[in-house]
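What follows is each chain in one-letter form.
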Amino acid sequence: MNTFPKDFLWGASTSAYQVEGAWNEDGKEPSVQDVRPPVPGTTDFKVASDHYHHMKEDVQLFKELGLKAYRFSIAWTRVLPNGKLNPAGLQFYQELIDELLANGIEPIPTVFHFDLPASLQAQGGWSNRKTIDAFVEYCQVLFDNFGDRINYWQTINEQNMLVFAGAAIGGEQADWKDVFQGNHHMLVAQAKVMKLYHEGHYPGKIGPAPNIACVYPKTEAPEDMLAAEYMSAIRNWLFLDAAVFGTYNTMAWHILETLHAAPEVTEEDREIMLAGTADFIAFNYYNSMTVSGANTKGGGAKDQQSGFSLPGFFQMEQNEQLQTTAFSKWAIDPVGLRTTAHQIYSRYRLPLLITENGLGQEDILTEDGQVHDDYRIDYLNDHIQQVYLAIQDGVELFGYCPWSALDLISTHEGYKKRYGFIYVNRDDFDLKDLKRYKKDSFYWYQKVIQDNGLA
Ligand code: BG6
């Protein structure tokens, strides 16, 4: 029996635009996700899993599953549509938080998960400095309204993937200079918000939620090791060094200068970044990366997990040691999760929370309402085993929130690619009855939580 620490937060995750639906109800403004054309072969996000109208039923299912925590995101576009406070939007999250607490589930909100208000995007989005102030104003509203009841806040989900895979997840393709200026504004916005939170003396903790993956050298060649270091610097440490140390990672900065993409950083920005730093680190992990240092031809990111190359620094490679997922051909690497946790903890010495990890696959609902997703159970089991071992190694890791609590729309591959413990009866082109069914993984995870570990 692999028993976890007594108060370990067994959780599950979602994000607002992927699960809520009700994209234009009760005063909500469209986000960049609502206005983007659907990816060919998929549908849009407008109904998603209709969680907005099934919230109480869903929370009851989370309770039955035994969740100790639920990690969700708040839609900026509900709370401050076109910059104006919307009580009906706030009310939804008020009720969700109350419902979770009443059922013994720790609410863990992410403030921003890929769904920038469309009106801000029309003014340049994150490349416009004014978006920093809009974000700070939005977060102040959240702290004012929910600050007394939230113990763990996450600022920005996968800022690094917004930068490297922005086009796949609803952003706009821009040149590196523009992308990294926008990235800098996000870092300043995040620092301002963390400072604001600390100065408000709220009872909880706040931190970032990037996608972090350990990077292997393709071979034992020293150049491959150096390439792996470069990729880690630009993909991982740039984002965490800024959030935890309040400074830019030096190797990452060198890459940015070489790409003519170094952002303009004012003295005031520097001070803000140093003054607003994280209390804990939430991170998402799906797979590891592998790179080589020779023949670095380049090549952009196809999606959040597939890797990318930078000419002169590193070339993404296939890892022949690892199997890949059926749906997206992402490497499956549970040991990589343990290594990633080690690397983060030894660099930053802050408590860690895993906020995403999971298997997206097509599921089949049988005629008698069952889903036999043993592939998902295997994937999660192997990763939880490594979480356990990471804790044994001394990593301060206080929770695991796999993706996803219930089926939702994938960022760029539609509804067919499912992640949930709970099946939602719809497909890409037919909304059906949106009825919820418990998958085999639901019962399996329920037992893991009851036993506080793996048998
Ligand atoms: C993460 C995102 O990158 O990966 C989620 O934070 C996303 O929003 C998840 O859904 C899985 O990726 P995908 O592309 O299969 O939905």
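First, a word on scope: everything that follows refers to the structure included in this document.

The rules behind each value
Residues numbered from 1 in each chain as written. Predicted model: local features only at pLDDT ≥ 70, side-chain atom pairs only at ≥ 80, totals over all residues. Heavy atoms only, no water. Phe/Tyr/Trp six-rings, centres within 6.5 Å; stacked < 30°, edge-to-face > 60°. Buried < 20%, exposed > 50% of the residue type's maximum accessible area, 1.4 Å probe, protein only. Lys NZ or Arg CZ within 6 Å of the ring centre and 35° of its normal. Axes fitted to C-alpha atoms, helices over the stretch in contact; angles between N-to-C directions. Helix = DSSP H or I, 4+ residues; strand = E, 2+ residues; numbered from the N terminus. Parallel < 35°, antiparallel > 145°, perpendicular 65-115°, else oblique. Contact = heavy atoms within 4.5 Å. Nonpolar A, V, L, I, M, F, W, Y, C, P; charged D, E, K, R; others polar. Pairing = 2+ DSSP bridges.

Turning next to the packing of aromatic side chains. Taken as a whole and judged by the stated rule, the model has 40 aromatic pairs. On the numbers, 5.5 Å between centres and 70° between planes, the contact of Phe442 with Tyr443 is edge-to-face. Classification of Phe442 by relative accessible area gives buried; the value is 0%. Following the ring pairs from residue to residue traces out a cluster consisting of Phe4, Phe8, Trp10, Tyr388, Phe421, Trp444 and Tyr445. Over the ring of Trp23 we find Lys46, and its NZ or CZ is 4.6 Å from the ring centre. Over the ring of Phe92 we find Arg78; its NZ or CZ atom is 5.9 Å from the centre of that ring.

This paragraph deals with the packing of helix α14 (residues 374–392) against helix α15 (residues 440–451). Closest axis-to-axis distance for the α14/α15 pair is 9 Å, and the angle between their directions is 25°. On the basis of their axis angle, the class for α14 and α15 is roughly parallel. Along its contact with α14, which presents Arg376, Ile377, Leu380, Asn381 and Ile384, the element α15 presents Asp440, Ser441, Trp444, Tyr445 and Val448. In terms of residue class, the contact of α14 with α15 is built from six nonpolar, two polar and two charged.

As a further point, take the sheet that holds strand β6 (residues 205–209). The strand order β6-β5-β4-β3-β2-β12-β11-β8 describes an open sheet built from eight strands, whose pairing is parallel. Each of the sheet's edge strands pairs with one partner strand only, and the pair in question is β6 and β8 (281–284). Direction aside, the axes of adjacent strands within the sheet are offset by 30° on average. Contacting β3 (69–73) and β4 (106–112), helix α5 (residues 87–102) crosses the sheet at an angle of about 170° to β3.

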